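Here is what each chain is made of, one letter per residue.
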Amino acid sequence: MPRFSKQTLVPRLTPVEPPYDPETAQALRALGPPLALFRIFARRPERAEGIRQWGRYYMSRRSALSLRHRELVIDRTTARCGAEYEWGIHIALFADKVGLDAEQIRSLVTGTPDDACWTEPADRAVIRAVDGLYGAGDLADDQWQELIAAVGSEAAVDLLLVCGWYHAISFVARALRLPPEPGTPAFSDYRRPRPNERDSEDALTDATGQTPVL
């Protein structure tokens with residue numbers, strides 16, 4: 001699970017900055033808001049275009065995985081990988097849209113699929129599958145059968161791919177030391193409260209006004 005630590009991150013690579021050449025500008029427009037991660041990808045516009053093509057399916061409603069389950073996969077994967085940068089973006093942009101409350105967000109960071117906040121068996125199955133893939137790089141027969149029963153075989157395939165992709169995104173965000181985007185939450189905002197500690201939640205803010213493809 002992620003460690004709750006405050007640190008100043010200095011990116012190991014410099015994202016592209018305006019003014020952009022036409023090819024870079026086109027690549028960034030296709031990816032979405034000018035997040036630091038996208039501006040890293042756009043250092044090579046060909047790479048940015050390849051990533052955009054991937055996102056056209058998996059970040060759309062054409063995916064066999066529902067929007068809520070997609071976000072459960074992404075949030076749990078990035079949390080398990082300690083990728084606070086990418087986790088914070090998705091919580092800020094999608095948590096309200098898919099109906100995640102504060103206790104469920106907290107559970108995705110520090111809890112388990114058996115936490116009381118998860119009342120839908122399908123949600124539990126999705127989170128359990130992500131945990132299995134993170135821990136073993138595989139799903140046991142009972143995990144696989146639970147997942148198939150919950151979301152169906154085609155959505156299960158998409159889950160495997162989304163989970164794997166967000167391991168890759170987590171590696172990039174962490175290894176490049178990307179600092180949080182403005183207005184995105186931190187893991188520490190959703191730590192488990194200590195006994196008698198007052199639980200306060202900051203409102204999530206969509207600082208970009210656009211929906212990214214990742």
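Whatever comes next refers back to the structure up there.
Residues numbered from 1 in each chain as written. Predicted model: local features only at pLDDT ≥ 70, side-chain atom pairs only at ≥ 80, totals over all residues. Heavy atoms only, no water.

Caption draft 1: Structural detail: the pattern of salt bridges. Enumeration according to the criterion identifies 10 salt bridges in this entry. Residue Glu49 is joined to Arg52 by a salt bridge in which the shortest nitrogen-to-oxygen separation is 2.8 Å. Highlighted residues: Glu49 and Arg52, both in helix α3 (residues 45-58), separated by 3 residues, approximately one helical turn. What makes Glu49 partly exposed here is its relative accessible area of 32%. Among the charged side chains, a network of salt bridges with common partners joins Asp114, Arg124, Arg128 and Glu146. (Salt bridge = Lys/Arg side-chain N within 4 Å of Asp/Glu carboxyl O. Helix = DSSP H or I, 4+ residues; strand = E, 2+ residues; numbered from the N terminus. Buried < 20%, exposed > 50% of the residue type's maximum accessible area, 1.4 Å probe, protein only.)

Caption draft 2: Representation of unusual backbone geometry within the structure. Between Pro18 and the following residue, Pro19, the backbone shows a cis peptide bond with an omega angle of 5°. Of note, Pro19 is situated in the segment before α1 (22-31). The backbone of Arg177 sits at a positive phi, close to 60°, despite the residue not being glycine. Note that Arg177 resides in the segment after α9 (153-175).

Caption draft 3: Geometry of the state of the cysteines. The full count for this structure, using the stated rule, is 0 disulfides. Not part of a disulfide, Cys81 finds its nearest cysteine sulfur in Cys163, a span of 7.6 Å. (Disulfide = S-S within 2.5 Å.)

Caption draft 4: Local environment of the packing of aromatic side chains. Scanning the model with the defined rule gives 5 aromatic pairs in all. Taking 4.7 Å as the distance between ring centres and 25° as the angle between the ring planes, the aromatic pair formed by Trp54 and Trp165 counts as stacked. You can see Trp54 sitting in helix α3 and its partner Trp165 sitting in helix α9, a full 111 residues away along the chain. Seen from their ring centres, Tyr57 and Tyr58 are 4.6 Å apart, and the 85° between their planes marks the pair as edge-to-face. Looking at Tyr58, the relative accessible area reads 11%, which means it is buried. (Phe/Tyr/Trp six-rings, centres within 6.5 Å; stacked < 30°, edge-to-face > 60°.)

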